[in-house]
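As a plain string of letters, each chain reads:
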Amino acid sequence: MYYLFNGLCILISIIFMWRTPFLPKKDALPEYKTISVIIPARNEAQNLPLLLKALKKQSILPLEIICVDDESEDQTGQIAESFGITIKSIISKPDDWTGKTYACQQGAILAKGELLLFLDADVRPSPDAIKILLQRYINKKDVISVQPFHLAEKVYEKLALFFNLIAVYSLGLGVPFKNQVNGSFGPVTLINRREFFKIGGYESVRHSVLEDYDFSVVLKREGYRLKRFMGGNLIGFRMYPGGLKDLFGGFSKNMASGALKSPLWLILVLVLMLGAYTESVILLTQGLMTQNISLIWPGSLFYALTVMILFWRGRCVGSFGFLTALFYPIPLLFFYLVFIYSLFSKLVLKRTYWKGRKIKL
């Protein structure tokens, strides 16, 4: 009965991640609409040049590129200026706004395009990215949100496997039936400018550290159609190239807050999924340590199934590869450590730090 339950949990995880909603390509280009690209940037001197170079190579160029320098302590502002784009420098943000929401709002106020495309500085768009986004855009009530493909170049970046899987599939995108789970992807958002200001823009979620989730709630309440996709080979990003400390801090700052806002059924699915993956490791380890064949065989089977699942879906969300899946207990342990710390920061400390700022949780 125990083995049956563990197998059932693994089956649930397969169903949970069944579909992969990639950003679709289309041949026809609808009526051309002008796009303003808005980049909120704080201490992004390493990432910003790569994004700006990619934007200059787009098959359909944006009307304008606006970089909002959010009190950066590095060369972010100077780099943006060297590319000849519009720069908005924030000297001091209001206390009741988070840095990103305020930066996005200020950029939108300056924008002249009919559509607003908000991009995080670590996003890496392919030359046809804006063209494909335009093709997917239908009318003013559509909002497109994209989770980029994680370009995990260094070994420590492979630790982000489970964060990427949960970021995508915790919104219910993988299930083979319609779902009503709230949430959007923060790195890439396309929205009609007039409609953006009709609902107040990011001012409605100005205090939120989970602005992507809370903004999706506002959109749903106001009757907008939020369409969520994975970037695939069209839109990628390089998260936290600064090292393991940045990776840990970046994922921990809002992980617990997001979990506490998830619906109960979704939390249950995630617990069963992660529990099955963990139990596979425990079962195999116990069998090998005790040389108990009755544990080794089922443990090996469950472990192999888990590796196949993680390789299957891991390569859809990022460049994680087979070795990352094979040694998945390491990124899984890292995931647990970050989650515990995030929960402690949320419930006990009630604050965290990110890019030199204290953030209330």
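A brief report on the enclosed structure follows. (Residues numbered from 1 in each chain as written. Predicted model: local features only at pLDDT ≥ 70, side-chain atom pairs only at ≥ 80, totals over all residues. Heavy atoms only, no water.)

## Structural notes on the nonpolar core
In step 1: Counting 52 residues, the largest nonpolar core has Phe16, Phe162, Tyr277 and Tyr328 as its most contacted members.
In step 2: Secondary-structure elements contributing two or more residues to this core are α1 (2–16), α6 (161–169), α9 (244–252), α11 (264–290), α12 (293–317) and α14 (329–349).
In step 3: In terms of residues, this core owes the most to one element, α11, which gives ten residues.
In step 4: Setting aside its immediate chain neighbours within four residues, Phe162 contacts Leu274, Tyr277, Leu310, Tyr328, Pro331, Leu332 and Phe335.
In step 5: The next biggest cluster of nonpolar side chains, apart from the first, holds 33 residues, and it includes Leu48, Ile85, Ala121 and Ile144. (Core = buried A, V, L, I, M, F, W, Y, C linked by side-chain atoms within 4.5 Å. Buried < 20%, exposed > 50% of the residue type's maximum accessible area, 1.4 Å probe, protein only. Helix = DSSP H or I, 4+ residues; strand = E, 2+ residues; numbered from the N terminus. Contact = heavy atoms within 4.5 Å.)

## Side note on the pattern of salt bridges
Any two side chains of opposite charge can pair, on the condition that their charged atoms come close.
In step 1: Scanning the entire structure with this criterion turns up eleven salt bridges.
In step 2: Among the ionic pairs, Asp142 bridges to Arg225, the shortest N-O distance being 3.0 Å. With a gap of 83 residues between them, Asp142 in strand β6 (residues 142–147) and Arg225 in strand β9 (residues 225–230) connect regions that are remote in the sequence.
In step 3: Here Asp142 falls in the buried class, since its relative accessible area comes to 0%.
In step 4: Residue classification places Arg225 among the partly exposed positions, given a relative accessible area of 39%.
In step 5: We note a salt bridge from Arg238 to Glu157, for which the minimum N-O separation is 2.8 Å. Of this pair, Arg238 sits in the loop between β10 (235–237) and α9 while Glu157 sits in the loop between β7 (149–150) and α6, placing them 81 residues apart in sequence. For the pair formed by Arg238 and Glu157, the shared burial category is buried.
In step 6: Each of Lys100, Asp120 and Glu211 takes part in salt bridges that share partners, so that together they form one network. (Salt bridge = Lys/Arg side-chain N within 4 Å of Asp/Glu carboxyl O.)

## A few points about the pairing of strand β8 (residues 188–192)
In step 1: Burial within β8 is extensive, with five of its five residues counted as buried.
In step 2: Of the two faces of β8, the one lined by Val188, Leu190 and Asn192 and the one lined by Thr189 and Ile191 are each fully buried.
In step 3: Where strand β4 (residues 115–119) lies against β8, five bridges are found, and the strand directions are antiparallel. Of the residues in β8, the one forming a bridge with Leu115 is Asn192.
In step 4: Where β6 meets β8, three bridges bridge the pair, whose relative direction is antiparallel. (Pairing = 2+ DSSP bridges.)

## Some points on the packing of α11 against α12
In step 1: Interaxial distance between α11 and α12 falls to 8 Å at its minimum, and their mutual angle equals 145°. Along this stretch, α11 crosses α12, giving a crossing that reads as left-handed. Across the interface between the two elements, Tyr277, Ser280, Val281, Leu283, Leu284, Gln286, Gly287, Leu288 and Thr290 of α11 pack against Leu295, Ile296, Pro298, Gly299, Ser300, Phe302, Tyr303, Thr306, Ile309 and Leu310 of α12.
In step 2: Among the residues forming the contact of α11 with α12, the class breakdown is twelve nonpolar, seven polar and no charged. (Axes fitted to C-alpha atoms, helices over the stretch in contact; angles between N-to-C directions. Left-handed = near helix turned anticlockwise from the far one by under 90°. Nonpolar A, V, L, I, M, F, W, Y, C, P; charged D, E, K, R; others polar.)

## A word on the sheet that holds β6
Strand-to-strand pairing in sheets goes through backbone hydrogen bonds, with the strands running parallel or antiparallel.
In step 1: Pairing is mixed across the open sheet formed by seven strands, whose spatial order is β3-β2-β1-β4-β8-β6-β9. A strand with exactly one partner marks an edge of an open sheet, and here the two such strands are β3 (86–90) and β9. Neighbouring strand axes in the sheet, compared pairwise and without regard to direction, differ in orientation by 20° on average.
In step 2: Two elements, strand β1 (residues 35–41) and strand β2 (residues 64–70), share six bridges in a ladder whose sense is parallel. The residue of β2 that forms the bridge with Ser36 is Glu64.

## Observations regarding the sheet that holds β10
In step 1: Taken in spatial order, the three strands make up an open sheet running β5-β10-β7, and their pairing is mixed. The sheet terminates laterally at β5 (123–125) and β7, the two strands that pair on one side only.

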